[in-house]
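# Residue-level structural notes
One-letter residues, chain by chain:
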Amino acid sequence: MKNHVLRPLWLVLAAIALLLAVRYLVVPSDFGVNGRSFTYGFHRLSNVADWQKFPDKYLGKEYCQDCHEEKVTENGSSKHRNIQCENCHGPAYGHPDNPEKLPIDRSRELCLRCHSQLPYPGSQRGQLKGIDPERHNPGQPCAECHNPHHPDQEVG
Amino acid sequence: MDCSRRTLLKSACAATAAATLPISAFRLFSPAECRAETGKPGTRWIFLVDTEKCVGCGLCVKACKLENEVPYDAPVTRTWVERYVITSDGKSHIDSPMGGRDGFTSPKIDGQEINPKEITKAFFVPKLCNQCDNPPCVQVCPVGATYQTSDGVVLVDRKWCIGCGYCIMACPYGVRFFHPEYKVAEKCTFCYHRISKGETTACVQACPFEARKIGNLRDPDDPVTKIVMTQRVGVLKDEYGTKPQVFYLGLDRNVR
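Values in this document were obtained by computation on a predicted structure and should not be read as measured data. (Residues numbered from 1 in each chain as written. Chains lettered and ligands numbered in written order. Predicted model: local features only at pLDDT ≥ 70, side-chain atom pairs only at ≥ 80, totals over all residues. Heavy atoms only, no water.)

Moving on: the domain arrangement of chain A. By the assigned domains, chain A splits into domain 1 (3-53) and domain 2 (61-144). For domain 1 of chain A and domain 2 of chain A, the distance between their C-alpha centroids amounts to 52 Å. (Domains from an automatic or database assignment.)

Let's shift gears to the interface of chain B and chain A. Counting residues at the interface gives 61 residues for chain B, matched by 43 residues for chain A. Buried surface at the junction of chain B and chain A, both sides included, amounts to about 4,300 Å², of which 55% is carbon and sulfur. On the surface where chain B and chain A come into contact, there are five salt bridges. Close ionic contact of arginine 44 of chain A with aspartate 157 of chain B constitutes a salt bridge, the shortest N to O distance being 2.8 Å. The interface formed by chain B and chain A holds 24 residue pairs in polar contact (both at pLDDT 80 or more) in total. Here the side of chain B that touches chain A gets six residues from one element, more than from any other, and that element is strand 4 (residues 119-127) of chain B. (Contact = heavy atoms within 4.5 Å. Buried area = accessible area lost by both parts, 1.4 Å probe. Salt bridge = Lys/Arg side-chain N within 4 Å of Asp/Glu carboxyl O. Polar contact = N/O pair within 3.5 Å; in protein donor to acceptor, adjacent residues only side chain to side chain. Helix = DSSP H or I, 4+ residues; strand = E, 2+ residues; numbered from the N terminus.)

As a further point, take the sheet that holds strand 4 of chain B. Note on sheets: strands pair through backbone hydrogen bonds, and any given pair is parallel or antiparallel. Residues and elements named next belong to chain B. Reading across from one edge, 3-2-4 is the order of the three strands in this open sheet, with antiparallel pairing throughout. Each having just a single partner strand, strand 3 (92-95) and strand 4 make up the two edges of the open sheet. Across the sheet, the mean angle from the axis of one strand to that of its neighbour is 15°, orientation sign disregarded. Here strand 2 (residues 80-87) pairs with strand 4 via eight bridges, running antiparallel. Bridging across to strand 4, glutamate 82 finds its partner in valine 125. (Pairing = 2+ DSSP bridges. Axes fitted to C-alpha atoms, helices over the stretch in contact; angles between N-to-C directions.)

A few words now on the state of the cysteines. In protein chemistry, a disulfide is the covalent bond that joins the sulfur atoms of two cysteines. For the coordinates displayed, the defined rule picks out zero disulfides over all chains. Free of any disulfide, cysteine 88 of chain A has its nearest cysteine sulfur in cysteine 111 of chain A, 7.4 Å distant. In this structure cysteine 57 of chain B is not part of a disulfide, and its nearest cysteine sulfur, from cysteine 114 of chain A, lies 4.5 Å away. (Disulfide = S-S within 2.5 Å.)

Let us look at the sheet that holds strand 10 (residues 246-249) of chain B. Residue and element names in this part refer to chain B. Read from one edge to the other, the open sheet built from three strands follows the order 9-1-10, with strand pairing classed as mixed. On the outer flanks of this sheet lie strand 9 (212-216) and strand 10, each paired with one strand and no other. On average, each strand axis in the sheet is inclined to that of its neighbour by 25°, with strand direction left out of account. With four bridges joining them, strand 1 (residues 45-50) and strand 10 adopt parallel strand pairing. The partner of aspartate 50 across the bridge, within strand 10, is leucine 249. This element, helix 8 (residues 223-230), spans strand 1, strand 9 and strand 10 of the sheet and lies at about 70° to strand 1.

Let us now look at the packing of aromatic side chains. As enumerated under the stated definition, the model contains eight aromatic pairs over all chains in all. A ring pair is formed by phenylalanine 38 of chain A and phenylalanine 42 of chain A, whose centres lie 4.9 Å apart and whose planes are at 45°; its orientation type is tilted. Look at phenylalanine 42 of chain A and you get partly exposed, because its relative accessible area is 26%. Note on phenylalanine 47 of chain B and phenylalanine 190 of chain B: the rings are 5.4 Å apart at their centroids and 35° apart in plane angle, and the pair reads as tilted. Of the two residues, phenylalanine 47 of chain B is situated in strand 1 and phenylalanine 190 of chain B in the loop between strand 8 (185-186) and helix 6 (192-195); the sequence distance between them amounts to 143 residues. Residue phenylalanine 47 of chain B is classed as buried on the basis of its relative accessible area, which comes to 0%. On the accessibility criterion, phenylalanine 190 of chain B (1% relative accessible area) is buried. Grouped by ring-pair contacts, the aromatic residues Phe31, Phe38 and Phe42 of chain A together with Trp160 of chain B constitute a single cluster. Lysine 57 of chain A extends its terminal NZ or CZ atom over the ring of tyrosine 93 of chain A, reaching a point 5.5 Å from the ring centre. Against the face of tyrosine 182 of chain B rests arginine 158 of chain B, its NZ or CZ located 4.2 Å from the ring centre. (Phe/Tyr/Trp six-rings, centres within 6.5 Å; stacked < 30°, edge-to-face > 60°. Buried < 20%, exposed > 50% of the residue type's maximum accessible area, 1.4 Å probe, protein only. Lys NZ or Arg CZ within 6 Å of the ring centre and 35° of its normal.)

Bringing the pattern of salt bridges into the picture now. Here the structure, examined in full by the defined rule, presents 19 salt bridges over all chains. Of the charged contacts in the structure, one is a salt bridge between aspartate 102 of chain B and arginine 113 of chain A, with a shortest N-O distance of 3.9 Å. Separated into two different chains, aspartate 102 of chain B in the loop between strand 3 and strand 4 and arginine 113 of chain A in helix 7 (residues 108-115) make up a pair that spans both. For aspartate 102 of chain B, a relative accessible area of 37% translates into the label partly exposed. Put simply, lysine 53 of chain B and aspartate 50 of chain B hold a salt bridge, and the shortest N to O gap is 3.8 Å. A single network of salt bridges, built from pairs that share partners, joins Arg44, Asp50 and Lys53 of chain A together with Asp157 of chain B.

Here is the structure:
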């Protein structure tokens, strides 16, 4: 066959070979249809394990109880018992090694998330005990008078 | 080929019988379908939001952002809480400042004072990824970076995502966004790292009012599955055909 026909043919074949070689090197072996169909399951299978390895930051009341049993028990009989420790004390990830102390959120804004009065009929928010933050001791931290662990008790 | 009268009649009968069979008789079952048919219990994560219980404290949003390392002060979030205030003139006032991250502490909506006497109903609606059975965000991904796991959760492969943004446009619920640090598409994973270990999601754990719950649809004894099966639950934007798997109790028609 003539050269001007063969030369582009070799070029095309070389390009295809290069493409296949690059594809072999770059695309991981677990990439493909790994699910119910091509439309929804075309992915790298090991990514599922990557997501599962992500570390937890919020460890839950049970974790806090191991060392702070007294506080958890005190809180357990109060109206605030359904509130996780970490909602106010911050996520316990790494604690007590690093950070040694968790930063406590003592701001009024934290309490106002629930206890700023909103006149909403049909919503549970309207039934929660609430204040008008601009009239009820503005600027003063709530915890000076109210015990957040046991709101019915005096601050001791 | 030898063709006696007997073999001809035999083949003719067989061909007629085959022709009368419906086309569905020849359908091949996929492995997933076979598993579903034989009743082997698997996992299909679903979510239940009780809008009657939500008070708009936003602790779920805060917990989600810290748990999943979503930049705290960036205006993006995997889950958010919307406030709906319907007034007697029929208008609905909707807001979600910073996704409700700091809760709803002011009665003003977008700086606008609303007379409490004019409020006919007001409520909060938490939103998150619906982990659709037919996720449009997965269909449009040109590189196979986003996918549905075998237990129904839609995830994004951060190494594979090219950041084209098709999925962000495709999601009818506006759940997806660009991660400002990783520069890839980001979305709620139902805290896949937690539920895979038998824990609950960060938002469910943080909610003091049990307005959020996660469950397994394939487990008939699961309390969430029981509610979804026996009570009146709604879903968002059913008309899109995405088959969302986040179910709502007490959903109002004003919710969009």
